[in-house]
Amino acid sequence: MIVGGIDTKDISVVVQGAVDKENTPRCLRSLRKYLPNAEVILSTWEGTDTSGLDYDIVLYNEDPGGWRDGRTDIPNNLNRQLVSSKNGIKAASRKYCIKIRSDIIFRSSRFLTYFDKFPKRDPKYQVFQERVIFCSYFFKRYLGEAQYTVHPVPFHMSDWFAFGLREDILMLFDIPLAEEPENTNYLNIHKIDTARFNMFGASHQYAPEQYIFLNCIQKKLDIPVFKSIVEYTSENIEFSDRVVANNCIILNPAQINMFCAKNGLDPYRTWSKYELCLPQYVWEGLYRYDVFVCEYKKYCDVCFSVPREVVRRRKKYLRWHHLFEVKGS
């Protein structure tokens, strides 16, 4: 099946992570339905029962283990993601590659139609051979709270979904494992005790998404000093914006037409299905499609015309939240 000039048989899909008895089969079925003849690679852990699952290749990786943040005790599975993603991508044999979590469910393949929509790039900030499509959820510009406290987070890509040339997706995930406990306890070890540290409320050096993106970018570019997640500056924030504008395409889940079926109380499970459910202070901090196209116009193509639909969707979201807040007050 050809979508947006790309034949789905030329795509390898790496489904990485632990197998969920309910959602991983749903994930694999959705791939067969919407990406017919694509190569499906399940990259999971030793000892996993994969009987009855529909895949072409399965990898049983040695589990590198997870860590917990030195301040919050929240689990950090960065190295697990790196091992399962990298090994899966190395096993891929097709021209294009998708890397997804094992609980992502597709409802179409229309994201492929965006791959060639943003051709202008500044060679000074080019990392990938071609642009890589990411999901807006967890692709962050800043962290916020209900009181609108802002904590910029440059280089914070989303690790839920990535599509591009196989070589580019491999470049993204073929990086060194994070060293522990240095990574998850960095701010405590180095006694970084500032107002930013207190506002951030954790002790890891970088968010997992930042660690991945930074290590990928520095293969090609010299990054302005950014030693930890709390050491953001106007220089490294602008550099991050330029890199994103020149190497990425950021789509909202509704445009990709996928959702996260993650179990538990994670609110993103709901937000990936119903965008209007996303609180405004969180929504504003995300690198959404409407933000991306404006950054593309600013840094790549000043003649680019921002689609009217983008403006209408933003107004719809803000209008809906205004009505919701008025009713709730």
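This text goes with the structure placed above it.
Quick caveat: nothing in here was measured; it's all calculated off a predicted structure.

**Things to note about the state of the cysteines**
Enumeration over the complete set of coordinates arrives at zero disulfides. Here Cys-97 stays unpaired: no disulfide links it, and the sulfur of Cys-27, its closest cysteine neighbor, is 13 Å away. Classification of Cys-97 as buried rests on a relative accessible area of 0%. Just so you know, Cys-248 is unpaired, no disulfide at all, and the nearest cysteine sulfur is the one on Cys-216, 9.2 Å from it.

**Re unusual backbone geometry**
Residue Pro-181 is bonded to the preceding Glu-180 through a cis peptide linkage, with omega at 5°. Within the fold, Pro-181 resides in the loop between α3 (166-173) and α4 (186-189).

**A word on the packing of aromatic side chains**
Here the structure, examined in full by the defined rule, presents 25 aromatic pairs. Their ring planes at 25° and their centres at 5.7 Å tell us that Tyr-96 and Phe-163 sit as a pair that is stacked. With Tyr-96 in strand β8 (residues 96-101) and Phe-163 in strand β13 (residues 161-165), the pair connects residues that are 67 residues apart, well separated along the chain. Judged by relative accessible area, which is 11%, Tyr-96 ranks as buried. Residue classification places Phe-163 among the buried residues on the basis of a relative accessible area of 0%. On the basis of an interplanar angle of 70° and a centroid distance of 6.4 Å, the ring pair of Phe-118 and Tyr-289 is categorised as edge-to-face. Here Tyr-289 lies in helix α11 (residues 289-299) and Phe-118 lies in the loop between β9 (104-106) and β10 (132-135), a separation of 171 residues in the sequence. Just as Phe-118 is buried, Tyr-289 falls in that class too. Over the ring of Trp-160 we find Arg-101; its NZ or CZ atom is 5.6 Å from the centre of that ring. We note Arg-288 situated over the ring of Trp-283; from NZ or CZ to the ring centre the distance is 3.7 Å.

So, how was this worked out
- Residues numbered from 1 in each chain as written.
- Predicted model: local features only at pLDDT ≥ 70, side-chain atom pairs only at ≥ 80, totals over all residues.
- Heavy atoms only, no water.
- Disulfide = S-S within 2.5 Å.
- Buried < 20%, exposed > 50% of the residue type's maximum accessible area, 1.4 Å probe, protein only.
- Helix = DSSP H or I, 4+ residues; strand = E, 2+ residues; numbered from the N terminus.
- Phe/Tyr/Trp six-rings, centres within 6.5 Å; stacked < 30°, edge-to-face > 60°.
- Lys NZ or Arg CZ within 6 Å of the ring centre and 35° of its normal.

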